[in-house]
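Here is how the chains run, residue by residue.
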Amino acid sequence: MSETTRDRPWLIRTYAGHSTAQASNALYRANLAKGQTGLSVAFDLPTQTGYDSDHVLAKGEVGKVGVPICHLGDMRTLFDRIPLDQMNTSMTINATAPWLLSLYIAVAEEQGADTSQLQGTVQNDLIKEYLSRGTYICPPKPSLRLIGDVAEYCYTHVPKWNPMNVCSYHLQEAGATPEQELAYALGTATAVLDELQTRVPAEDFPRLVGRISFFVNAGIRFVTEMCKMRAFVDLWDEICRERYGVEDPKYRRFRYGVQVNSLGLTEQQPENNVYRILLEMLAVTLSKKARARAVQLPAWNEALGLPRPWDQQWSMRMQQILAYETDLLEFDDLFDGNPAVDAKVEDLKEGARHELANLDSMGGAIEAIEYMKARLVDSNAERLGRIERGETTVVGVNKYVEAEPSPLMSEDGGILTVDPEVEADQIDRLNAWRAARDDAAVDKALADLRAAAAEGRNVMPPSIAAAKAGVTTGEWAEQMRAVHGEYRGPTGVSASPSNKTEGLDEIRDAVTAVSDRLGRRLKLLVGKPGLDGHSNGAEQIAFRARDCGMDIGYEGIRLTPEEIVTAAKEDRPHVVGLSILSGSHMPLVEDLMARMKAEGLGDVPVIVGGIIPEEDAERLRDMGVAQVYTPKDFELNTIMMDIVTLADPKAVAAE
């Protein structure tokens, strides 16, 4: 291939957003000026789960893992001086996807854009939220209908928009094997296409199929990951052709964006993450036939906290060097006819087909949510077990741990911190917005929205009208909750021990001995306060503690400190374990500790796990937290013995 016929590079994106719409807008414009070619918006947890910034569950979460968007004014500020008709925008949003897309369309109209020409993607994949990320609102069936509403609306009014982005990224983060990632993502896609098939004329259906895109994860085993992408291409083509009769190969094309793996980024020797990110990027760019359409890379320090602009720039430069300096885009596919690659691809396809048949036998992905969740928790337990036993090497973690201190860790701790004042400022702006709007117009818009949801009509037109009337994110979601109800997803942690209990004899004996001294079985209450839905750590602690013979209380995600303390009052656990990965540990733990004391539970040891800088860990210990664990504490058995020691009345008496 000559220089003149180089392939066009993929869209170069950075997943970004934090603090406020104004701060995020400045970040976006700076990144575009540095050569980024598309936007990828990160929303904060209240926005993702349908709460306004002043809701009790939003406390401590505002602006932490993304940008807070409560209403049209916030969306206007977010895209100020960014012409949306020239942009390709990815919005990582699921439960509130119809609403955020409505706000985006309303802002585009204000800018004078032809909305039929808008380009971008809204993730809008609720099924993986039940399995791995936890930002769902409603039960699965009405959620599937909302996905369909967005796709049906876009196909008519915003035809260049990808209305649904099947997201297998978080499945791998939750421990999925490549075969599970393939099967569960494709199972989700077929559930959505089955829903959409009834909504459009048969002759238009292939065009709708052609707008479904995927968002995947690429891990460190980059040859396997590259083969996984080739398997995705083949299997999607097969499903579109055989299951849905799509004749035109253009509509059967597997179109995907990627964020490479954050699960494998280490807190220890974090500079090594740069190499990991580069190798993972190769998995989704080297094979022309299975090349990503858009790539976003994490920053080297994401296991420590929020990346700074320089950290994000460094990751963007990695993409630009591969795309513009190397000769990668001048060649046809490098792997066609390679026997090792072909054999691995066939192997992965076979495993995925087998698992897809399992899902089909249960009635499809929606019916199989509980099964898939349990399988992911099991797979993740196996993955962690291999690292603990040293069967999987993680450089700097369980091998080659001696290292020089990193000069990249500067006086700011090597991360960006969000000013706590951000939350109060956002709430002030929210109150001002509510005070200035036309209440009658808001009431009418909400009534129309609720009626549409109740009657099974498409919620997109009334959502856009509500956006223009000044309705807030929390008010929109409130209507969905009122009509469809709230949902508590399966935890994937069963009450009965697994058969993977080898190497636990010593801990189980210790648990039994301490239980005898306590007069009942040692009880651990695992709680996830706040809106953080990353439940993998909490699940694995509960899974291992159960296998060690402890009595477990784990009700899943999204609990208020008050609810956790109420559970502690009722269950009388010997130890309370909290998991918070959103960076909101300080306000949430402070609230919980005060409530524990007020309820006479101040003597119950509390342990906390999360992405917690050492300075914050010190403050938590000063507050009375017994132990603080971060990703570097990967040996779960050590944590189990700590729990036994904390619960032991003999040890307490000795003190």
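Conventions adopted
Residues numbered from 1 in each chain as written. Predicted model: local features only at pLDDT ≥ 70, side-chain atom pairs only at ≥ 80, totals over all residues. Heavy atoms only, no water. Patch = residues over 30% accessible without salt bridge, like charges linked within 9 Å, V, L, I, M, F, W, Y side chains within 5 Å. Areas by Shrake-Rupley, 256 points an atom, 1.4 Å probe, with all protein chains shown as cover. Salt bridge = Lys/Arg side-chain N within 4 Å of Asp/Glu carboxyl O. Lys, Arg positive; Asp, Glu negative; His and termini not counted. Charge placed at Lys NZ, Arg CZ, Asp CG, Glu CD. Helix = DSSP H or I, 4+ residues; strand = E, 2+ residues; numbered from the N terminus. Buried < 20%, exposed > 50% of the residue type's maximum accessible area, 1.4 Å probe, protein only. Pairing = 2+ DSSP bridges. Right-handed = clockwise from strand over helix to strand, strands pointing away. Phe/Tyr/Trp six-rings, centres within 6.5 Å; stacked < 30°, edge-to-face > 60°. Lys NZ or Arg CZ within 6 Å of the ring centre and 35° of its normal. Expected span 1.5 Å × (residues − 1). Contact = heavy atoms within 4.5 Å.

Asker: How should a negative patch on the surface be read in this particular structure?
Answerer: A surface patch of negative charge is lined by Asp-419, Glu-421, Asp-425 and Asp-428. The residue Glu-421 is located in helix 15 (residues 421-436) in this model.

Asker: Whenever I open this one, the pairing of strand 4 (residues 88-92) confuses me. Can you help?
Answerer: For a regular strand, side-chain orientation follows a simple rule: the groups alternate between the two sheet faces. Counting buried positions over the five residues of strand 4 gives five, a clear majority of the element. Burial along strand 4 is two-sided: Asn-88, Ser-90 and Thr-92 and Thr-89 and Met-91, pointing in opposite directions, are all buried. In this sheet, strand 4 lies alongside strand 3 (residues 39-42) in parallel orientation, the contact comprising four bridges. Along strand 4, the bridge assignment pairs Ala-42 with Thr-92. Pairing geometry for strand 4 and strand 5 (residues 119-122), over four bridges, is parallel. Counted as the bridge partner of Thr-89 is Gly-120 from strand 5. Once you follow strand 4 into helix 4 (residues 97-110) and on to strand 5, the crossover reads as right-handed.

Asker: How should I be thinking about the packing of aromatic side chains in this particular structure?
Answerer: The geometry of two aromatic rings is summed up by the distance between their centres and the angle between their planes. Going through the model one piece at a time under the given rule, you end up with 14 aromatic pairs. Ring geometry for Tyr-104 versus Trp-161: centroids 5.2 Å apart, planes at 50°, classification tilted. Here the residue Tyr-104 occupies a position in helix 4, and Trp-161 occupies one in strand 6 (residues 161-162), the gap between them amounting to 57 residues. Judged by relative accessible area, which is 0%, Tyr-104 ranks as buried. Look at Trp-161 and you get buried, because its relative accessible area is 0%. The interplanar angle of 45° and the centroid separation of 5.9 Å between the aromatic rings of Tyr-169 and Phe-215 together place this pair among those described as tilted. Here Phe-215 lies in strand 8 (residues 213-218) and Tyr-169 lies in helix 7 (residues 169-173), a separation of 46 residues in the sequence. Pair check on accessibility: Tyr-169 and Phe-215 agree, each one buried. Each residue in the set Phe-214, Phe-232, Trp-236, Phe-254 and Tyr-256 is aromatic and connected to the rest through ring pairs, giving one cluster. Lying across the ring of Tyr-51, Arg-481 places its NZ or CZ 4.3 Å from the centre. The residue whose ring lies beneath Arg-558 is Tyr-136, and the NZ or CZ to ring-centre distance is 5.0 Å.

Asker: Sorry, what's going on with helix 18 (residues 473-484) here?
Answerer: Every α-helical turn comprises 3.6 residues, leaving residues that sit three or four positions apart pointing alike. Helix length check: helix 18 (12 residues) gives 17 Å between terminal C-alpha atoms against 16 Å at 1.5 Å per residue, within 8%. Most of helix 18 is tucked away, with nine of its 12 residues classed as buried. All of the buried residues in helix 18 are Thr-473, Gly-474, Glu-475, Trp-476, Ala-477, Gln-479, Met-480, Arg-481 and His-484. On its buried face, helix 18 sits against helix 2 (45-49), helix 4, helix 6 (140-157), helix 16 (439-455) and helix 17 (460-469). At the exit of helix 18 stands Gly-485, carrying a positive phi of roughly 85°.

Asker: How do you make sense of helix 6 when you look at a structure like this?
Answerer: Taking 1.5 Å of rise per residue, 18 residues should cover 26 Å, and helix 6 covers 26 Å from first to last C-alpha, within 8% of that figure. Most of helix 6 sits inside the fold, with 13 of its 18 residues counted as buried.

Asker: Would you take a moment to explain a positive patch on the surface for this structure?
Answerer: Together, Arg-8, Lys-250, Arg-253 and Arg-293 give the surface a local cluster of positive charge. Relative to the elements of secondary structure, Lys-250 occurs in the loop between helix 10 (222-242) and strand 9 (256-260).

Nothing here speaks to function; it is geometry throughout.
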